[in-house]
Amino acid sequence: MEKLEVFNCSNVFIANFFTDDRGCAHCNREHTLIYLLSGELEITDGGHKSILHPGDCAFMRRDNRMWLQKRASEDRPYRSVVMKFSRNFLKEFYQTVNQRDIPSDLKREKVSLMKFPSNRIDIRTLFESLVPYFDAGIQPDQDILKLKMIEGMHIILKTDVNLYASLFDFVEPWKIDIVDFMEQNYMNELSMEEIAYYTGRSLATFKRDFKKVSDLTPQKWLIRRRLEAARDLILTGGKKVSEICFDVGFKNLSHFSKLYKEMYGIAPTRSVI
């Protein structure tokens, strides 16, 4: 039996509780910190496996797909706390950073998962200070959550200064423009040439710039984003799979079903609640 409790304040803070072992494909669309309270978490990323135990924390870079295997211990459920950092939050935080404190020779991290040193007191204090809210069933105040998020940002930057380059890749304005445009138009039938034009670039420049913000090609990014949107709509219920297929931008139901099964391991019709 699975239990899932979520406190979601503008998608900046989420807590998960599971009573059974569970495996799932995780498509990470925002930079994320995950902290393990109990149980065990195995993360497979590009064929490499990392295991988190209670007290461990990891940073997951956005726009990456991983496989998460959550396991309960003999006497305690799997329990984790997750922080997701939206682009708006990162832009606001960046305005508070003293530019002189940012090293000039930063290199953008290629790894999509970074496990932090175990049992750091600053990490443990941050995440475990939020547990009483969940235990009491009280929604944390938005201002408190914001302070916790800022604390989480300092933990990330203290761990590896090169993460400045990954977290704040919108400093060059075109980078965030590309992602925003595609988020707003992934369901529309636009060619790569049209997307490049609407974002003010030649096709070659668009492809080169997009490569700097995602490890996927633009075509693969669009397919994955459409599949994510389709899965959300299917799990929400209320529409037929055939309708959802066309709503998110696919033109062929059988092709959609094939891609969906490849990504989620189950046919879209079997995902319907």
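Not measured: the values here are computed from a predicted model.

Cut-offs used in this document
Residues numbered from 1 in each chain as written. Predicted model: local features only at pLDDT ≥ 70, side-chain atom pairs only at ≥ 80, totals over all residues. Heavy atoms only, no water. Helix = DSSP H or I, 4+ residues; strand = E, 2+ residues; numbered from the N terminus. Buried < 20%, exposed > 50% of the residue type's maximum accessible area, 1.4 Å probe, protein only. Contact = heavy atoms within 4.5 Å. Areas by Shrake-Rupley, 256 points an atom, 1.4 Å probe, with all protein chains shown as cover. Salt bridge = Lys/Arg side-chain N within 4 Å of Asp/Glu carboxyl O. Lys, Arg positive; Asp, Glu negative; His and termini not counted. Axes fitted to C-alpha atoms, helices over the stretch in contact; angles between N-to-C directions. Parallel < 35°, antiparallel > 145°, perpendicular 65-115°, else oblique. Nonpolar A, V, L, I, M, F, W, Y, C, P; charged D, E, K, R; others polar. Left-handed = near helix turned anticlockwise from the far one by under 90°. Core = buried A, V, L, I, M, F, W, Y, C linked by side-chain atoms within 4.5 Å.

S.K.: Please provide a residue-by-residue account of the overall build of the protein, values included.
M.R.: A tally of helices and strands in the protein yields 12 helices and 9 strands. For the protein, buried positions account for 48% of its 273 residues. Residue pairs at least 24 apart in sequence account for 72% of intrachain contacts in the protein once pairs closer than 6 positions are excluded. Total accessible area on the protein stands at roughly 14300 Å², and carbon and sulfur atoms take up 51% of it.

S.K.: Kindly report on the pattern of salt bridges, identifying the contributing residues and their values.
M.R.: Any two side chains of opposite charge can pair, given that their charged atoms come close. Inspection of every chain in the model, using the stated rule, returns 14 salt bridges. The partner of Glu-42 in a salt bridge is Arg-71, with the nearest N and O atoms 3.2 Å apart. In this pair, Glu-42 is assigned in strand β4 (residues 40-45) and Arg-71 in strand β7 (residues 64-71), connecting sequence segments 29 residues apart. Overall, the relative accessible area of 12% leaves Glu-42 in the buried class. A salt bridge links Arg-201 to Asp-209; the shortest N-O distance between them is 3.0 Å. Residues Arg-201 and Asp-209 agree in their burial class; the two are buried. One network of salt bridges, in which partners are shared, links Glu-40, Glu-42, Lys-49 and Arg-71.

S.K.: So, the side chain of Arg-226: which residues are in play, and what are the values?
M.R.: For Arg-226, the position within the fold is in helix α9 (residues 218-236). Glu-189 is the oppositely charged side chain nearest to the buried, salt-bridge-free Arg-226, at an N-O distance of 8.0 Å. Once residues within four sequence positions are removed from consideration, Arg-226 is found in contact with Tyr-186, Met-187, Asn-188, Val-248, Gly-249 and Phe-250.

S.K.: Describe the environment of Ala-196, and please don't skip the residues or the numbers.
M.R.: Note that Ala-196 resides in helix α7 (residues 192-198). Those residues within four positions of Ala-196 in sequence are excluded, and the remaining contacts are Arg-201, Ser-202, Leu-203 and Phe-206.

S.K.: Describe in detail the packing of α9 against helix α11 (residues 253-264), supporting the description with residues and values.
M.R.: Between α9 and α11, the least distance of the axes is 10 Å, while the angle of their chain directions is 85 degrees. When the interaxial angle is binned, α9 and α11 end up roughly perpendicular. Between α9 and α11, the contacting residues are Ile-223, Arg-224, Leu-227, Glu-228, Ala-230, Arg-231 and Ile-234 on the first element and Phe-256, Leu-259, Tyr-260, Met-263 and Tyr-264 on the second. Residues belonging to the contact of α9 with α11 are distributed by class as follows: 9 nonpolar, no polar and 3 charged.

S.K.: Quick rundown of the environment of Val-81? Include the residues and the values.
M.R.: With respect to the helices and strands, the residue Val-81 is situated in strand β8 (residues 78-85). When its relative accessible area of 0% is taken as the criterion, Val-81 is described as buried. Expressed as a C-alpha distance, the spacing of Val-81 and Leu-37, which sit 44 residues apart in the sequence, is 7.3 Å.

S.K.: Lay out the packing of helix α2 (residues 121-128) against helix α4 (residues 142-159) in plain terms, naming residues and giving numbers.
M.R.: At their nearest, the axes of α2 and α4 sit 10 Å apart, and the two run at 160 degrees to each other. Classified by the interaxial angle, the pair formed by α2 and α4 is roughly antiparallel. The chirality of how α2 crosses α4 is left-handed. Side by side, α2 and α4 meet where Asp-122, Ile-123 and Leu-126 of the first sit next to Lys-148, Glu-151, Gly-152, Ile-155 and Lys-158 of the second.

S.K.: Describe the nonpolar core, and please don't skip the residues or the numbers.
M.R.: Judged by nonpolar contacts, the single largest core of 32 residues is most densely connected at Leu-33, Phe-85, Phe-116, Phe-127, Leu-167 and Phe-168. Of all the elements in the fold, those that place two or more residues in this core are β3 (31-38), β6 (57-60), β8, α1 (87-94), α2, α3 (131-136), α4 and α5 (163-167). When residues of this core are assigned to their parent elements, the largest contribution, 6 residues, is made by α4. Once residues within four sequence positions are removed from consideration, Phe-168 is found in contact with Leu-90, Phe-93, Tyr-94, Met-153 and Leu-157. Counting 27 residues, the second largest nonpolar core, distinct from the first, contains Ala-196, Phe-206, Val-213 and Val-248.

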